[in-house]
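# Report on the structure
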Amino acid sequence: APRRRAQRAVASPQGRRMESPVQKPSVPGDVHLSGELSPGQVVELLPLYKSWLFLNPEEKEGCPKEMVEREGAIFKCIHLPMPDGLTSEKATELRNALRQLPRPTMVQCTTGKRASAVLLLSLADKHGLNADSAFQLGRDMDLKCTRGTTPTSDVPDEGEIVSPMMRSNPLVPWMRGELGDRTLCQAPPPAVGASPDLIFRQLFDEEGGSSTYTYLLADGISKEAILIDPVLEQVSRDLTLIGDLDLTLKYALNTHCHADHITGTGELKKHVVGLKSVISKASGAHADVKLEYGDTVKFGQFELKFVPAAGHTNGCVIYVLGKMAFTGDAVLIRGCGRTDFQEGSAKRLYESVHSNVLGSLDEDTAIYPAHDYKGRNVSTVGIEKRFNARLTKSQDEFIEIMDNLGLSYPKKIDVAVPANMTDGVER
């Protein structure tokens with residue numbers, strides 16, 4: 001007789017519906033998590049998987065090794081005791097195992113909590129997520145290892161050595177230690193399959209208060225480089241990094257005419273001979289190069305594609321290099337830029353993002369925003385398609401949300417916009 005698929009919920013002895021022992025996170029979709037399973041449940045589930053990762057000792061009652069191997073699937077046991085087993089060496093072993101095991105894969109422990117932590121570490125490795133981005137994803141998918149955490153609850157209060165959340169859930173400090181707090185990207189993540197010749201650095205404006213991400217990309221062979229969304233107050237930092245890497249800065253690009261900071265392009269041009277500034281023609285701003293649909297920006301062997309994304313402003317652009325998208329304010333992590341000034345339009349933003357980003361780019365494409373205010377460094381097209389709080393709504397719902405944000409204007413708007421219309425310098 002054919003085996004029945006596992007049910008999403010089971011009945012308790014009292015007849016109430018209970019949570020299924022199997023969790024099926026939507027990202028990546030081919031790794032499932034479970035707590036303890038009866039032999040009957042294991043038999044029912046086995047046809048669904050090519051491999052099984054077990055986080056308890058093999059000698060523990062209920063270990064499914066014999067049943068898994070009898071079915072022809074790969075069984076691997078890596079004991080992860082808490083808290084003694086929460087080491088960097090164990091994290092590396094588990095990450096490597098989950099990366100190498102054929103999919104679909106089941107990861108099993110006693111409650112599913114340790115299994116969810118292993119999955120989250122694996123996803124962070126694949127997509128370059130720091131702790132803040134990974135924990136956000138964990139909460140979005142309701143992973144057991146991040147239940148009860150918030151963007152601040154898993155970080156110790158000032159003067160505290162260990163936060164209450166860390167005391168009750170030792171997986172939290174273990175994962176944070178592995179992924180790094182507010183860590184910036186120093187290389188493309190494995191998921192994007194970038195050329196080994198690509199030099200990539202993510203930089204952050206904390207001192208200037210704009211929370212702007214600036215991106216340095218360069219060809220490691222020719223040493224030609226570009227800078228995306230430079231900030232005036234960070235020009236010295238950027239020039240020092242470019243010098244340390246022995247690069248030649250060819251272009252300084254803006255994703256749009258910013259309202260919260262003054263661009264660094266004009267100041268950079270004073271220090272770099274031959275440097276050209278770049279912005280979209282639709283922005284109406286001055287620049288040496290004004291891009292239109294279909295244009296590209298070349299540096300060494302690489303070519304950055306221009307993708308229009310009007311809506312936050314009328315001149316917003318997304319720069320795409322392979323499976324890396326620099327989205328400016330058009331797409332933020334779990335959000336998007338406001339649409340209530342600079343000829344913004346919620347309808348245009350929704351249409352351009354769904355057409356040119358969420359509806360056309362590969363789901364593994366990394367999304368690098370112009371800002372983040374919660375320490376998160378990167379997301380992906382697939383993650384934002386599932387969990388972006390605004391862009392997952394219908395167009396009418398999205399417009400309603402954007403029309404009622406009630407945000408105050410950026411503090412520097414009266415200074416930043418006029419300056420940014422002229423390359424960041426007064427004319």
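All values reported here derive from a predicted model rather than from experimental measurement.

Below, the discussion takes up the layout of surface pockets. If you roll a probe as big as a water molecule over the atoms, it shows you where there is empty space left. Here the largest pocket defines a volume of roughly 690 Å³. Forming the walls of the largest pocket are 28 residues, and the residues nearest its centre are Asp 260, Leu 332, Arg 338, Tyr 373 and Leu 407. Here the lining of the largest pocket is built from residues that sort into eight nonpolar, 10 polar and 10 charged.

With that settled, the discussion passes to the pairing of strand 6 (residues 74-77). Of the pairings in the sheet, the one linking strand 5 (residues 51-54) to strand 6 comprises four bridges and is parallel in character. Bridging from a neighbouring strand, Ser 51 pairs with Ile 74 of strand 6. Following the chain from strand 5 across helix 2 (residues 65-70) to the adjacent parallel strand 6, one finds a crossover that is right-handed.

Counted according to the given criterion, the structure contains zero disulfides. Counting only cysteine sulfurs, Cys 63 is the nearest neighbor of Cys 77, a cysteine outside any disulfide, at a range of 6.0 Å. Sulfur of Cys 257: no disulfide; nearest cysteine sulfur belongs to Cys 316 and is 9.7 Å away. Since its relative accessible area comes to 5%, Cys 257 is described here as buried.

Moving on: unusual backbone geometry. A cis amide bond links Val 27 with the next residue in sequence, Pro 28, at an omega value of 5°. Turning to its location among the elements, Pro 28 is positioned in the loop between strand 3 (22-23) and strand 4 (31-34). Its identity is not glycine, yet Arg 182 carries a phi of approximately 55°, on the positive side. Inspection of the secondary structure assignment puts Arg 182 in the loop between helix 7 (171-179) and strand 8 (198-204). Exposure remark for Arg 182: the relative accessible area of 52% places this residue in the exposed category.

Another point: the sheet that holds strand 11 (residues 248-253). Strands sit in the order 8-9-10-11-12-13 across an open sheet of six strands; the sheet is mixed. Edge positions in the open sheet fall to strand 8 and strand 13 (289-291), since each of these has one partner strand only. On average, each strand axis in the sheet is inclined to that of its neighbour by 20°, with strand direction left out of account. The sheet contacts of helix 8 (residues 235-244) involve strand 8, strand 9 (213-219), strand 10 (224-228) and strand 11, and relative to strand 8 the element is tilted by about 155°.

Once that is clear, we can look at the sheet that holds strand 5. The five strands are arranged 3-4-7-5-6 in an open sheet whose pairing can be described as mixed. In this open sheet, the two strands that pair with only one neighbour each are strand 3 and strand 6. Set on the sheet, helix 4 (residues 113-127) makes contact with strand 4, strand 5 and strand 7 (105-108); between it and strand 4 the angle comes to about 155°.

The next subject is the side chain of Thr 365. Mapped onto the elements of the fold, Thr 365 is located in the loop between helix 10 (346-358) and strand 18 (366-369). Accessibility expressed as a relative area gives 2% for Thr 365, which makes it buried. In this structure, Thr 365 is in contact with Lys 323, Met 324, Ala 325, Ser 379, Thr 380 and Val 381, ignoring residues within four places of it in sequence.

Let's shift gears to the nonpolar core. Trp 174 and Leu 217 are the most contacted members of the largest nonpolar core, which has 64 residues in total. Sorting elements by how many residues they give to this core places helix 4 first, with eight residues. Sequence-distant contacts of Leu 217, that is, excluding residues within four places in its chain, are made with Leu 198, Ile 199, Phe 200, Glu 224, Ala 225, Ile 226, Ile 228, Phe 299, Leu 321 and Phe 326. With 20 residues, the next largest nonpolar core counts Ala 325, Tyr 350, Leu 358 and Ile 367 among its residues.

At a closest axis distance of 11 Å, the pairing of helix 3 (residues 88-100) and helix 7 adopts a crossing angle of 75°. When the interaxial angle is binned, helix 3 and helix 7 end up roughly perpendicular. Counting all contacts with helix 3, which are made through Ser 88, Ala 91, Leu 94 and Arg 95, the residues of helix 7 involved are Trp 174, Glu 178 and Leu 179. Classifying every residue of the contact of helix 3 with helix 7 gives four nonpolar, one polar and two charged.

Right, let's get into the confidence of the model for the protein. Confidence in the prediction of the protein, expressed as mean pLDDT, is 92, and 92% of residues score 70 or more. Per-residue pLDDT stays below 50 along residues 1-18; that stretch engages in 21 contacts with residues further than four places along the chain or on separate chains.

Any two side chains of opposite charge can pair, so long as their charged atoms come close to each other. Scanning the entire structure with this criterion turns up 25 salt bridges. Across the pair Asp 238 and Arg 237 runs a salt bridge whose closest N-O atoms are separated by 2.9 Å. The salt bridge involving Glu 303 is made with Lys 298; its shortest N-O contact spans 3.5 Å. Classification of Lys 298 by relative accessible area gives partly exposed; the value is 47%. Among the ionic contacts, a cluster of salt bridges with common partners joins Arg 95, Asp 125 and Glu 178.

What counts, and where the lines are drawn
- Residues numbered from 1 in each chain as written.
- Predicted model: local features only at pLDDT ≥ 70, side-chain atom pairs only at ≥ 80, totals over all residues.
- Heavy atoms only, no water.
- 1 Å grid on protein atoms, 1.4 Å probe; cavity = no way out; pocket = protein on both sides within 12 Å on 5 of 7 lines; lining within 4 Å.
- Points joined across faces, edges and corners; volume = space filled by probe spheres on them.
- Nonpolar A, V, L, I, M, F, W, Y, C, P; charged D, E, K, R; others polar.
- Pairing = 2+ DSSP bridges.
- Helix = DSSP H or I, 4+ residues; strand = E, 2+ residues; numbered from the N terminus.
- Right-handed = clockwise from strand over helix to strand, strands pointing away.
- Disulfide = S-S within 2.5 Å.
- Buried < 20%, exposed > 50% of the residue type's maximum accessible area, 1.4 Å probe, protein only.
- Axes fitted to C-alpha atoms, helices over the stretch in contact; angles between N-to-C directions.
- Contact = heavy atoms within 4.5 Å.
- Core = buried A, V, L, I, M, F, W, Y, C linked by side-chain atoms within 4.5 Å.
- Parallel < 35°, antiparallel > 145°, perpendicular 65-115°, else oblique.
- pLDDT = per-residue confidence, 0-100.
- Salt bridge = Lys/Arg side-chain N within 4 Å of Asp/Glu carboxyl O.

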